[in-house]
Structures are given as structure tokens and as C-alpha cells.
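Below, each chain spelled out in residue letters.
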Amino acid sequence: GSLDHESCAADLLSVVRTKKTELLFVALFDRLLKPGGHAAVIVPAGVLESDSTAHQTIRKRLVEGNRLIAVVALPHWVFKPYASVATCILIFQKGASTDRVWFYRIDNDGFSDGANKVEVDGSDLPGLLSLWSQRESPTYVPLETKHRFVSVDEIREANYDLCHRVYLSGYHYPKGVSRKRIGDLFHIVRGTTPAATALDEGEFTFATTSAELRRSENWQLDGEAIVIPIVSSTGHGHASIKSIHYVNGKVAVATICVALVPKSEDVDTKFVYHLLLRFKNQLLVPLMRGSANVSLSPDRLADLEIPVPSPQEQQKFLEGLANLDTEIAELEASIRLKQAERASAREGFGGARLGTILQ
């Protein structure tokens, strides 16, 4: 919710100057705790990942003014049918110091993801409770895409971003390979064609959020580009990207997408396409933000660093991929030929040609 400043306690506003009740409540819990006291608070995901000064202020206070113990991400359907909002549990201690934070992502809370809560198998909660008591032991083994400790230095480097997708992506940059910002390699162009105008037939290629390219009667860009959706393909507080597209020629781009148009010769556009397609869940999805309507900010995309090997290595990879594509096409053609031969054999079986076939 939102309150007028006149309705807020002055001591809370001295902690964070905001009208947002979710931030004021975190400040209130901080104030109510006795020194050394603990709190476990469910907050909208925006508290942990939004870019405003107020959001960053409250997160910095949690990390630097307290001991932030854990961030536990909840499934977006937890509060259905009342709300479909991404939420997390913050666990912190008043007045202590943070050296590392434990992140855990719950994928299954033991209930179905619809409005009718039906019990399902495979709940993460027993495992979470077991890990909670063992996480500080020498035998604890992290699972990088599910749970792990994150150092306070890593959180500071991320400007106090506490989004679990950032720290549980499981991605590691290759050693010895230089990195470059997407914004230094590409112009980021917003799409201008409504997705609802997509056609099954049309003169021009149309790139939308769907897995398959569609058609359009209009075009926006002419040349190479990588088209990336900027809204979640599943929505309702869940971050996901179904697919991205490589296009070359006259193409229309949906308003809910952006196109990466090359402005540097340091990298091959098709190489970057294959890189981002392979690691979209590790590189692109963690950049998405929002509690209910999850989206990807072009500014965040511009700041994303990707590994850029030498031009020779890029070309070697693309040539290897092209050779495999050619081999696959030849095998598929051979399979189609054999299938036709089999169909012909079946058609003649038991008929006038039977004697010929048996001979």
C-alpha cells in the first residue's frame, strides 16, 4: 500500500523516506526488535529487488545495520486465490553484523499452484527445515541453483540487490575470457508492433514472445538482430523467458520485446544469440523484476556482461554448429526417404505386389 508522509511516524521516516507500507513495515520490525532479537518477515519480492533509493536504503540497513541471516523465496502461488505475487521470507537479527546470507528457493510448497489448494507430492518444506538446522555444519553441501551462502562482499558488489535469482542462477563466467556489456556491443531498440497483430501468413517476419516466429504486414528493422522478450512468458509473479530469436532481414518486433542491433564488430551477433539462448535462465531471467508483473528492464539488459572470446573462437564455434546442422539435415532427409520406402512397402504388402516383394 501507500501512505502520506503525515500519517507515518517520524522515526520510521528517518530510517527510510518512503510512502510504501511494505518498506515502512520492515523499518517498524527493525525498531520493535530488542538488541539481538530475531524476525522472520514475509515481504513482496519488490522489497528485495526494486531499484528505487528507498528500496536500496532498507536493504542496506538490513545488511549493514543488522545481521541478515536468510532470504527464502516462496512460490508465486502461495497466497492464491487472494493474490498471485512473488514473495520471500526475510530472516534477520537486530544489531548484529552480516558476513554471509543463506539463500533458498522453494519450488514446491506441498500444494498445487491454482486457487484450489490441492496437496501434491514433493514438497520442499521438509528438506528446507532439515537444511536450516544443518546449514552451518561442515557437512553442508550447497546446490547452486537451489540454496547456498552468499558473502556480504558479493551482495555489496550487487548494490545490495537481494533477488534470489541473481544468486541462485548457477552461472559461472568462463575463466580467461574477457567480458563486455551488452550495451557496449548492441543498440537496444524497443519493439513497436502490437503482439496481437501477429499473423500466420504475411510478407515479413514478426518476432514476439512466442517460441515460434510469426508473420506481419509491416516491418521495423532491417538487418541482424536478437529479439528478447521483456515481459515474463508466464506472468503472475513468476519470471520466465520462453525463447529468444535471431533474425536477419526485414522484421517486425513486438512492443513487449527489445531487439539487440549490433553496433560493434567485436562480437558475432549469431554467437551472442546462441550464448543467450543457452543461458537465458542463468543470464536473462535473473534480471527480471516485479512482484506481480515481472519484466526485464532494458537498462539492466544493457549492463549485463557476457563472455566474449576471440573472433577466431567465435567463428570456430559457429562453423562447428553449422556443420552439425548440415549433418542433422542430411540425416533427416535420409530418414524421410527410408520412411517413404517403408510406407511403399506396407502399401504393397498383401496385394498384387506381394509376390514381387517376397521374391
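Just so we're clear, the structure is a prediction, and the values are computed from it rather than from any experiment.

As for the side chain of aspartate 109
Line of reasoning, step 1. Looking at the secondary structure, you find aspartate 109 in the loop between strand S4 (100-105) and helix H5 (125-134).
Line of reasoning, step 2. The buried charged residue aspartate 109 lacks any salt bridge, with lysine 117 as its nearest oppositely charged partner at 5.0 Å.
Line of reasoning, step 3. A polar contact of 3.2 Å, which involves the side chain of aspartate 109, links it to the side chain of tryptophan 77.
Line of reasoning, step 4. For aspartate 109, the side chain forms a polar contact with the main-chain nitrogen of phenylalanine 111, separated by 3.1 Å.
Line of reasoning, step 5. In contact with aspartate 109, other than residues within four places in its own chain, are Pro75, Trp77, Val78, Ser123 and Leu125.

Some details on the nonpolar core
Line of reasoning, step 1. In terms of nonpolar packing, the biggest core is built from 34 residues, with Leu48, Leu68, Val71, Phe103 and Ile155 touching the most fellow members.
Line of reasoning, step 2. Leave out the neighbours within four places in its chain, and leucine 68 touches Leu62, Val63, Leu90, Ile91, Phe92, Thr98, Arg100, Val101 and Leu162.
Line of reasoning, step 3. Counting 31 residues, the second largest nonpolar core, distinct from the first, contains Ile226, Tyr246, Val294 and Leu296.

A short note on unusual backbone geometry
Line of reasoning, step 1. Cis rather than trans, the peptide bond between lysine 80 and proline 81 has omega equal to 10°.
Line of reasoning, step 2. Residues other than glycine seldom take positive phi values, yet asparagine 159 does so here, at roughly 60°.
Line of reasoning, step 3. Take asparagine 159: it is sitting in the loop between helix H6 (152-157) and helix H7 (164-167).
Line of reasoning, step 4. For tyrosine 160, which is not a glycine, the phi torsion comes out positive at approximately 65°.
Line of reasoning, step 5. Here tyrosine 160 lies in the loop between H6 and H7.
Line of reasoning, step 6. For tyrosine 160, a relative accessible area of 12% puts it in the buried group.

Side note on the sheet that holds strand S2 (residues 66-73)
Line of reasoning, step 1. One open sheet holds the 5 strands; their spatial order is S1-S3-S2-S4-S5, and the pairing between them is mixed. For this open sheet the edge positions go to strand S1 (38-44) and strand S5 (147-151), each flanked by a neighbour on one side alone. Direction aside, neighbouring strands of the sheet carry axes that sit 20° apart on average.
Line of reasoning, step 2. Where S2 meets strand S3 (residues 87-94), 7 bridges bridge the pair, whose relative direction is antiparallel. Looking across to S3, one finds that valine 71 is bridged to leucine 90.
Line of reasoning, step 3. Across the face of the sheet, helix H2 (residues 21-32) comes into contact with S1, S2 and S3 while running at roughly 25° to S3.

Regarding the sheet that holds strand S10 (residues 221-229)
Line of reasoning, step 1. A sheet is described by the order of its strands in space; here 6 strands give the open sequence S7-S12-S10-S11-S8-S9, paired in mixed fashion. If you trace the sheet from one side to the other, it starts and ends with strand S7 (186-190) and strand S9 (214-216), each paired once. Strand after strand, the sheet turns through a mean of 55° between neighbouring axes, direction not considered.
Line of reasoning, step 2. Taken together, the 5 bridges between S7 and strand S12 (residues 257-262) define a ladder with antiparallel strand orientation. Among the inter-strand pairings, histidine 187 is bridged to a residue of S12, identified as valine 261.
Line of reasoning, step 3. Contacts between helix H9 (residues 269-278) and the sheet are confined to S7, S10, strand S11 (245-253) and S12, with S10 contributing the most and set at about 15° to the helix.

Here we look at the pattern of salt bridges
Line of reasoning, step 1. Inspection of every chain in the model, using the stated rule, returns 20 salt bridges.
Line of reasoning, step 2. Note that arginine 105 and aspartate 107 form a salt bridge whose closest N and O atoms lie 2.7 Å from each other.
Line of reasoning, step 3. Since its relative accessible area comes to 23%, arginine 105 is described here as partly exposed.
Line of reasoning, step 4. Residue aspartate 107 is classed as partly exposed on the basis of its relative accessible area, which comes to 37%.
Line of reasoning, step 5. Where aspartate 200 meets arginine 214, a salt bridge forms, and the shortest distance between an N and an O atom there is 3.0 Å. Of this pair, aspartate 200 sits in the loop between S7 and strand S8 (204-207) while arginine 214 sits in strand S9; the two residues are 14 residues apart in sequence, bridging distant segments of the chain.
Line of reasoning, step 6. Classification of aspartate 200 by relative accessible area gives exposed; the value is 67%.
Line of reasoning, step 7. A single network of salt bridges, built from pairs that share partners, joins Asp51, Asp161, Arg289 and Arg300.

Reading the values: rules and limits
- Residues numbered from 1 in each chain as written.
- Predicted model: local features only at pLDDT ≥ 70, side-chain atom pairs only at ≥ 80, totals over all residues.
- Heavy atoms only, no water.
- Helix = DSSP H or I, 4+ residues; strand = E, 2+ residues; numbered from the N terminus.
- Buried < 20%, exposed > 50% of the residue type's maximum accessible area, 1.4 Å probe, protein only.
- Lys, Arg positive; Asp, Glu negative; His and termini not counted.
- Salt bridge = Lys/Arg side-chain N within 4 Å of Asp/Glu carboxyl O.
- Polar contact = N/O pair within 3.5 Å; in protein donor to acceptor, adjacent residues only side chain to side chain.
- Contact = heavy atoms within 4.5 Å.
- Core = buried A, V, L, I, M, F, W, Y, C linked by side-chain atoms within 4.5 Å.
- Pairing = 2+ DSSP bridges.
- Axes fitted to C-alpha atoms, helices over the stretch in contact; angles between N-to-C directions.

Honestly, that's just the spatial picture; any functional story needs more than this.
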